[in-house]
Amino acid sequence: MLDLKLIRENPKEVERRLRTRGEPISLDRILKLDEERRQIIQRVEQLKAQRNKASDEIGRLKREQRDRDAERLIAEMGQIADEIKSLDGKLAQIEHELNDLLARLPNLPHESVPVSTEKSDKVILREFGEKPKFSFTPKSHVELGERLNILDFPRAARIAGSRFPLYKGLGAMLEMALVQFMLHYQVQKNKYIPIFPPFLGNAESFFAAGQLPKFADQVYFCPEDKLYLNPTAEILLTNLHRDEILDGSELPLKYCAYTACFRREAGTYGEEEKGLIRMHQFNKVELFKFTKPEESYQELESLVEDAEDILKELKIHYRAALLPSCDLGQQSAKTIDLEVWIPSQNRYYEVSSCSNCEDFQARRGNIRFRRDKTSKPEYVHTLNGSGLATSRLFVAILENNQQPDGSVIIPEPLRDYVGTDRLTPP
RNA sequence: GGAGGGAUGGCCGAGCGGACGAAGGCAACGGUCUUGAAAACCGUAGCGCGAGGAGCGCCGGGGGUUCGAAUCCCUCUCCCUCCGCCA
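All figures in this text were calculated on a predicted structure; none of them were measured in a lab. (Residues numbered from 1 in each chain as written. Chains lettered and ligands numbered in written order. Predicted model: local features only at pLDDT ≥ 70, side-chain atom pairs only at ≥ 80, totals over all residues.)

This brings us to the overall build of chain A. Counting its regular elements, chain A contains 13 helices and 16 strands. Summarising its shape, the C-alpha atoms of chain A cover approximately 100 × 45 × 45 Å along the three principal directions. Scored against the burial criterion, the 426 residues of chain A give a buried share of 36%. (Helix = DSSP H or I, 4+ residues; strand = E, 2+ residues; numbered from the N terminus. Buried ≥ 20, exposed ≤ 12 C-beta atoms within 10 Å, placed from the backbone.)

Listed below in structure tokens is the structure:
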């Protein structure tokens, strides 16, 4: 959520910056509603002041047994009470529409974000390793998974439907090994506090993180209980400190969480996204920070590095990309993606997306901090990043580490967790 | 799922139609005293809109009754206890 005051004071500037996202955004309606709202507030508050004064007076008269004078005042106040009620009603209506419009506005892109309407206009910040060279035609992870007997899409479809995963045998071990390894690493080396959160959240939580109201169609919803299935732990972790005032001296707070993630992925069927690339359910270890405003961009850099550590440890070729304005998620002011190489498709795929949401979510979730005991509360900045999306990493490991005989070498750090150094076809 | 009990400021806790933005306690902040600290005493002190003013709003959320609601009524959410069910 953007600050209404900022919109009111710099409408042209805000509009210009929002439009760099490539959506046709107009603030006219918001400005008009805001104007109306403030006019009504002025009138209604005047009336309420009058009413409060009269109520005090009535109380006083009653105490002094001057019932006749009290009765006269009460009769006078009836009219004002009606007027207040009608104005309050009008005000509620205006604020409802205003809040809904505000809640759907995306965040302002940071000035360091390249402005473009082409998603391909990302800036490659750095690369690690190189694309593997094969003396044979590399197989896709779908084919490898089948031959190794570690993935079973047909049976997953029987149980749940298409686009659900089923890992089997050492495949299940490898997937869980990735989760374990990443959690251990981020907790022990990078000092994140581990959280095992609920996998469902309520509407307030999803609103605070920015998922609602705009993206309701992308999440699974249980109407009986009014609960939403977690699409990313970012949402759950954002709400860890919703409606709290944090102690400035304990910032930045760094959390990491493993969750299964569920997404409806409505209307995203693409032929190249076969197998595990885009699923209704996948696994992810999420990194999350609550920071002071002036520290958030340096914390974004270190968050990206923390996620990169995993790929370096696993020796997977990747690149870090600064996304252009048109490719930012609505909450994000700046996003850096990590992309791994997928040989069978001859392209890179995102395994991590690290964003600084500045105070966008903090405002929605009322997450604040105090610099010291006596200062006023201020909004924190929230940052999130996958560290990493396990299920896509699984794909990268299978495809990048495949051997001519169809076996797959397990990266060194995962071997103890998986219990073997190599997957071999039966 | 059934029956009951709760939700008040950073925390605990009183208030149950008018002098209540809310007693009291703890914690906090400033001061006095002290070489320093503790103790004691005095004082300040919630959040939001607004101009750090006036004013308005906020006692779990929403609605209602009333000239006036923390207080009465309806409704929702969450928490606790007991029963049922279950890992």
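Our next topic: the domain arrangement of chain A. Domain annotation of chain A identifies domain 1 (4-104) and domain 2 (123-423). Once you take the C-alpha centre of each, domain 1 and domain 2 turn out to be 43 Å apart. Every contact between the two is made by six residues of domain 1 and, on the other side, five residues of domain 2. Looking at the side of domain 1 that touches domain 2, its residues break down into one nonpolar, two polar and three charged. (Domains from an automatic or database assignment. Contact = placed C-beta atoms within 7 Å. Nonpolar A, V, L, I, M, F, W, Y, C, P; charged D, E, K, R; others polar.)

Moving on, we come to the sheet that holds strand β9 (residues 318-322). A sheet is described by the order of its strands in space; here eight strands give the open sequence β1-β9-β10-β11-β14-β8-β7-β2, paired in mixed fashion. Of all strands in the sheet, those with a lone pairing partner are β1 (123-128) and β2 (193-195), marking the two edges. Adjacent strand axes in the sheet meet at a mean angle of 25° when their direction is disregarded. As judged from the five bridges shared by β1 and β9, these two strands associate in the antiparallel manner. Looking at the pairing, Ile124 lines up with Ala321 of β9. (Pairing = 2+ DSSP bridges. Axes fitted to C-alpha atoms, helices over the stretch in contact; angles between N-to-C directions.)

This part covers the protein's contact with RNA strand B. Ala49, Asn52, Gly59, Met77 and Ala81 are the nearest of the 21 residues found near RNA strand B. In terms of residue count, the dominant contributor to the surface near RNA strand B is helix α3 (residues 28-63) (eleven residues). Here the residues of the surface near RNA strand B sort into eight nonpolar, five polar and eight charged. (Near = placed C-beta within 6 Å.)

Turning our eyes to something else, we now look at the environment of Arg155. For Arg155, the position within the fold is in helix α6 (residues 153-159). Spatially, the C-alpha atoms of Arg155 and Val14 are 51 Å apart, while their sequence positions differ by 141 residues.

Attention shifts here to the sheet that holds strand β6 (residues 245-247). Ordered by their spatial adjacency, three strands build an open sheet running β6-β12-β13, and the pairing between neighbours is mixed. The outermost strands of the open sheet, each flanked by one partner alone, are β6 and β13 (378-379). When strand β12 (residues 368-370) meets β13, the two strands line up antiparallel, connected through two bridges. The partner of Phe369 across the bridge, within β13, is Glu378.

The next point concerns the packing of α3 against helix α4 (residues 67-104). Where α3 contacts α4, the axes come no closer than 8 Å and their chain directions differ by 155°. Here α4 runs roughly antiparallel to α3, going by the angle between their axes. Both α3 and α4 take part in a crossing whose hand is left-handed. By residue class, the composition of the contact of α3 with α4 is 22 nonpolar, one polar and 16 charged. (Parallel < 35°, antiparallel > 145°, perpendicular 65-115°, else oblique. Left-handed = near helix turned anticlockwise from the far one by under 90°.)

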